[in-house]
Amino acid sequence: MANLSQQRREKMLAFLETLKEQHTDDDSLIALGEIEKELKSKKYGLVWEEHEEAVDVQMKTQIPVFTEVKEREICTDENGAYNFLLEGDNLHSLYLLEKTHKSSIEVIYIDPPYNTGKKDDFRYNDAFVVKEDTFRHSKWLSFMAERLKIAKKLLTEQGIIFISIDDNEHAALKLLCDEILGESNYITSLIWQKKKDGSNDSRHVATEHEYILVYANDVEVLNNIFIEYAEDYVSRYKEKDEIGRYFWDTFKRKSGKQYYPITCPDGTVLQYEENGEPISWLRSEARFLSDLEAGETRIIKVNGKWTVHFKQRQPKGYKPRSIVTEYGTTSTGADQLKKIFNITNKFSNPKPTTLIEFLIKFSPNKNATILDFFAGSGTTGHAVLKLNAEDGGHRNFILCTNNENGICEEVTYQRLKTVITGKRADGSEYSEGIPANLKYFKTDFVDKDSEELSDELLEHIAEMIELEHGIKIDNKKYVMILTDEEMDEFERNITSYTDLKAVFVNQDILLSATQQKLLDSLTSYVIPDYYFDFELREAGELW
């Protein structure tokens with residue numbers, strides 16, 4: 001059958017070629033080229049009207065940078081790495097994270113605006129998008145597409161991303177993620193029961209669930225996903241050998257297809273039950289004999305009777321199920337916030353930490369970096385801290401959120417501070433605290449046409465180094481050297497650095513032979529040009 005759409009396109013393209021021959025001036029050719037581009041663009045899949053955000057326009061003339069708010073630093077774990085809270089538009093933060101964390105994030109969890117059409121849900125260019133907006137879905141898709149394109153670049157080879165969403169944009173988001181993250185990398189849409197008391201005030205059906213889309217960065221190299229069992233389950237595996245933990249379990253089964261005689265050390269044959277029924281064994285006779293020789297099965301007397309046991313090995317974990325009902329609800333999340341702030345309704349519909357802990361466990365790496373660039377009330381950071389305390393992990397988090405209505409300062413930051421220190425904002429005791437470190441950065445901007453562009457960008461290099469390495473440049477453990485004079489002083493005073501971990505050196509410094517030898521003997525890094533190399537070249541300050 002004929003492809004009618006293709007035929008119409010080919011007709012229009014042929015007509016465009018005629019127009020190009022008739023109109024050869026630059027303006028006409030540019031305009032006709034744009035029309036041709038649209039005619040040749042994708043005609044299958046998700047298509048929407050692309051919109052430009054104000055934050056995009058801002059980056060045409062200004063360069064995003066981070067500035068630390070030093071008085072908000074928290075340090076209760078002297079030898080631990082730092083976590084980061086990044087205040088500002090998440091597109092600006094992602095732009096900078098692409099420089100510091102490309103291919104470095106193991107887990108991304110985001111809970112973006114659901115685009116419900118309500119007046120307090122999705123803000124686009126400083127205005128809430130309402131149901132009556134005919135470009136409502138296009139604006140949301142443009143907004144999400146830009147951020148997801150960067151997010152994919154941040155994931156490690158084994159990386160995985162989780163996206164919470166409801167029915168308003170679930171279908172569109174799935175198509176968008178297929179396009180950006182790769183349809184082949186789709187793992188599942190988890191169905192999370194967000195409440196367990198669906199009311200009858202819904203018009204048709206009481207909706208009790210949301211979705212969590214799950215994508216791998218590269219499903220072909222992603223390890224099989226297992227969730228570790230809780231300690232109360234693992235405790236049954238009391239024995240241990242060179243292979244791992246196990247317990248002795250009965251080899252006999254109530255029903256099955258493996259029927260054969262087993263001869264005991266004294267010649268007794270186990271083949272029939274007392275009632276004459278044949279005994280069914282767990283495994284084949286060949287496997288039994290092999291396991292017996294390897295010590296994986298045994299024949300012993302228990303209470304004067306011969307019995308057969310096998311080593312029940314501790315499994316690696318369990319496969320997560322696509323319907324999630326046992327990891328808390330929005331009510332659980334609200335209760336957690338109430339305990340932290342001693343007031344209700346501090347944040348609407350917060351996710352429970354138990355849900356995010358469950359998702360983080362999809363990655364077996366207990367040293368993983370977890371990113372949430374729609375951080376909201378800070379549940380992801382709280383979940384990382386809790387999970388580390390529970391399983392001894394050393395995961396770190398990076399949270400990004402704006403400060404609309406003071407959310408970053410008054411909710412996200414204060415929650416993390418309370419969880420880490422154990423003290424609420426009013427000084428009352430919340431808990432014993434969880435030792436951890438946190439730095440608070442705000443997005444700032446440098447004009448692209450500044451006459452001192454290089455120097456102004458250099459003023460924000462420390463934040464980039466700290467973010468990339470999860471450290472604090474304190475000129476004791478971690479030293480940053482930007483000038484020849486600072487290098488000379490560092491060399492003179494090298495014996496005073498008794499706890500030096502690493503040195504970060506400006507690549508423009510002219511090192512003497514002795515200075516080079518000194519740096520070679522230390523853990524030293526050349527400050528990379530990828531932080532702001534592109535911007536300086538664009539401005540003509542680098543060639």
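Heads up: these notes are all about the structure in this document. Because the structure is predicted, anything quoted here is derived from the model rather than measured. (Residues numbered from 1 in each chain as written. Predicted model: local features only at pLDDT ≥ 70, side-chain atom pairs only at ≥ 80, totals over all residues. Heavy atoms only, no water.)

Bringing the overall build of the protein chain into the picture now. Across its full length, the protein chain holds 17 helices and 24 strands. Radius of gyration (C-alpha) of the protein chain: 30 Å, far over the 24 Å computed for a compact globule of 543 residues. Along the three orthogonal principal directions, the C-alpha set of the protein chain runs to about 100 × 80 × 55 Å. Expressed as a percentage of the 543 residues in the protein chain, the buried residues total 44%. Of the contacts formed within the protein chain by residues at least 6 apart in sequence, a portion of 71% connects residues at least 24 apart. With the model as given, the accessible surface of the protein chain reaches about 29600 Å², and the carbon-plus-sulfur share is 48%. Placing the 68 positive and 96 negative side-chain charges of the protein chain at their respective mean positions leaves the two points 9 Å apart. (Helix = DSSP H or I, 4+ residues; strand = E, 2+ residues; numbered from the N terminus. Rg over C-alpha atoms; globule rule 2.2 N^0.38 Å. Buried < 20%, exposed > 50% of the residue type's maximum accessible area, 1.4 Å probe, protein only. Contact = heavy atoms within 4.5 Å. Areas by Shrake-Rupley, 256 points an atom, 1.4 Å probe, with all protein chains shown as cover. Lys, Arg positive; Asp, Glu negative; His and termini not counted. Charge placed at Lys NZ, Arg CZ, Asp CG, Glu CD.)

Within the open sheet, the four strands sit side by side as S10-S11-S17-S16. Their pairing is antiparallel. Strands at the two margins of the open sheet, each flanked by one partner only, are strand S10 (239-240) and strand S16 (297-302). Across two bridges, S10 lies against strand S11 (residues 245-250) in antiparallel orientation. Note that in S11 the partner of Glu-239 across the bridge is Tyr-246. With respect to the sheet, helix H8 (residues 285-294) is in contact with S16 and strand S17 (305-313), its orientation differing from that of S16 by roughly 80°. (Pairing = 2+ DSSP bridges. Axes fitted to C-alpha atoms, helices over the stretch in contact; angles between N-to-C directions.)

Take the pattern of salt bridges next. Opposite charge on two side chains makes pairing possible when the charged atoms of those side chains draw close. In the structure shown here, the tally under the stated rule is 30 salt bridges. Among the salt bridges present, the one from Glu-535 reaches Lys-99, with a minimum N-O distance of 2.9 Å. Of this pair, Glu-535 sits in helix H17 (residues 533-538) while Lys-99 sits in helix H4 (residues 90-100); the two residues are 436 residues apart in sequence, bridging distant segments of the chain. Among the ionic pairs, Asp-178 bridges to Lys-174, the shortest N-O distance being 2.8 Å. Placement of the pair is Asp-178 and Lys-174 together in helix H6 (residues 170-182), with a separation of four residues, close to one helical turn. Connected via shared salt-bridge partners are Glu-68, Lys-70, Glu-73, Lys-439, Glu-466 and Lys-472. (Salt bridge = Lys/Arg side-chain N within 4 Å of Asp/Glu carboxyl O.)

Turning our attention to the sheet that holds strand S23 (residues 502-505). Strands sit in the order S22-S23-S24 across an open sheet of three strands; the sheet is parallel. Lying at the two open borders of the sheet, with one neighbouring strand each, are strand S22 (478-481) and strand S24 (524-526). Adjacent strand axes in the sheet meet at a mean angle of 15° when their direction is disregarded. Strand direction decides the pairing type here: S22 and S23, joined by four bridges, are parallel. Along S23, the bridge assignment pairs Val-479 with Val-503. Most of the contacts of helix H14 (residues 461-469) go to S22, to which it runs at about 145°, and overall it touches S22, S23 and S24.

Strand S9 (residues 209-216) sits mainly inside the fold: seven of its eight residues count as buried. When strand S7 (residues 155-165) meets S9, the two strands line up antiparallel, connected through six bridges. By the bridge assignment, Ser-164 is partnered in S9 with Ile-212. Direction of pairing for strand S8 (residues 186-193) relative to S9: antiparallel, over a ladder of seven bridges. Across the sheet, residue Ser-189 finds its bridge partner in S9, namely Leu-213.

Time to look at the side chain of Asn-185. Of note, Asn-185 is situated in the loop between H6 and S8. Side-chain polar atoms of Asn-185 contact the backbone oxygen of Leu-181, separated by 2.8 Å. Excluding its chain neighbours within four sequence positions, the residues that come into contact with Asn-185 are Lys-152, Val-214, Tyr-215, Ala-216, Asn-217, Asp-218 and Val-219. (Polar contact = N/O pair within 3.5 Å; in protein donor to acceptor, adjacent residues only side chain to side chain.)

As a further point, take H4. In terms of residue burial, H4 counts as a mostly covered element, since nine of its 11 residues are buried. Residues of H4 that are buried: Asn-90, Leu-91, His-92, Ser-93, Leu-94, Leu-96, Leu-97, Lys-99 and Thr-100. Its side-chain oxygen 2.9 Å from the backbone nitrogen of Leu-91, Asp-89 forms the N-cap of H4.

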